[in-house]
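# Working through the structure, step by step
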Amino acid sequence: MVIDLITIFPAMVEAALAEGVIGRARTRGVVDIRARDLREFTSDRHRTVDDVPYGGGPGMVMKPEPLFAAVEAIAAERGPASAVVLMTPQGRPFTHAAVEGLSRLERIVVICGRYEGVDERVADVLVTDEISIGDYVLSGGELPALVVVDAVARLVPGVVGDDASVAADSFADGWLDYPHYTRPAVFRGRAVPDVLVSGHHGEIERWRRAEQVRRTYERRPDLLDRAVTTADDRKLLAELRQRNAAAGVSDRKTDGQEPGDERDD
Ligand code: ADE
């Protein structure tokens, strides 16, 4: 897989991509990920990448010419991109399904927006996919782009050493992850659950699955509609619901609202 990131902060992006699982995969040649300096694709003395918005208003807008030049130069060098992704809070939500979709592509270009936004003609003509990593605004697309690249590259075979670890990742089958423990067996008076030191693999598997179900039910009930359930999962969910009902607790506590969100105009 080939990924090119277009940014005005290539050193920031490069620093993150040099470390950890992704850094090692790059060194081994499993993925080819490069940060491209947008200013290299300008043609004026000041290497200008932004300008004032038509119609007025605050902030600056990223100019179209350097972005078109960058995407075209990358296509000439690498071959046409399978997707040109623009990182923007206006994009589609970045979910596990989106990660899987992108991980099947061969060549991806990611544009990191800055300032108030990017000239809309870039989105209209160049971009094939607009992605948001969440309902909050960051000061630029670099961190979101790194989130996307990290999540997508993890699914490329050979990037993560142990394929089983990727398959077991939270969200791969729609559940949150189970709790993890390592030594010491007792830390500040808190012991590791007995089952994990019992050596009974079957029981450990069952305990972990039950913890996944319990956590998902308690923390992200919105995920339950699409999680793949076994008969045991459904039995446990029924018990959890019954227990909550008996205690008078509402079943759907995460509806996306935060305290103080209501307005009455
Ligand atoms: N740029 C700024 N904020 C962003 C977000 N939440 N997602 C993607 N790109 C962004």
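As the structure is a computational prediction, the values presented were derived from the model and not from experiment. (Residues numbered from 1 in each chain as written. Predicted model: local features only at pLDDT ≥ 70, side-chain atom pairs only at ≥ 80, totals over all residues. Heavy atoms only, no water.)

## Examining the overall build of the protein chain
As a reminder of what qualifies: Only runs of H or I of at least four residues qualify as helices and only runs of E of at least two qualify as strands under DSSP, and these elements are numbered from the N terminus. For a compact globule the rule gives 2.2 Å times the number of residues to the power 0.38, and the radius of gyration it is set against comes from C-alpha atoms. Accessibility here uses a 1.4 Å probe with only protein chains present; expressed as a share of the type maximum, an area under 20% marks a residue as buried, one over 50% as exposed, and anything in between as partly exposed. Only the protein chains shown count as cover for residues, and the accessible areas themselves come from Shrake-Rupley with a 1.4 Å probe. Think of it this way: Lys and Arg go in the positive column, Asp and Glu in the negative one, and His and the chain ends go nowhere. Every charge is mapped to an atom, namely NZ of Lys, CZ of Arg, CG of Asp or CD of Glu.
A count of helices and strands for the protein chain gives 10 helices and 10 strands. What you see for the protein chain is a C-alpha radius of gyration of 23 Å, clearly larger than the 18 Å of a compact globule of 265 residues, by over 25%. When the backbone C-alpha atoms are referred to their principal axes, the protein chain occupies close to 70 × 55 × 35 Å. Each of the 265 residues in the protein chain was classed as buried or not, and the buried ones make up 38%. Of the roughly 16,000 Å² of accessible surface on the protein chain, 51% is carried by carbon and sulfur atoms. Across the protein chain, the centroid of the 34 positively charged side chains sits 6 Å from that of the 45 negatively charged ones.

## Notes on the site of the ligand
The criterion, for reference: Proximity is defined per residue: any heavy atom of the residue falling within 4 Å of a molecule or strand makes that residue near it. We call two N or O atoms a polar contact when they sit within 3.5 Å, provided that within protein one can donate a hydrogen and the other can accept it, with sequence-adjacent residues counted only if both atoms are side-chain atoms.
The full set of residues close to the ligand is Met87, Thr88, Pro89, Ile131, Ser132, Ile133, Gly134, Tyr136, Val137, Leu138, Gly140 and Pro144. In this structure, Thr88 approaches the ligand through a main-chain N or O atom, which is 3.2 Å from a nitrogen atom. For the ligand, a nitrogen atom lies 3.0 Å from a polar atom in the backbone of Ile133. Protein chains shield 96% of the accessible area of the ligand, which is 260 Å² for the free molecule. Of all the secondary structure elements, the ones that give two or more residues to the shell around the ligand are β5 (83–93) and β8 (129–132).

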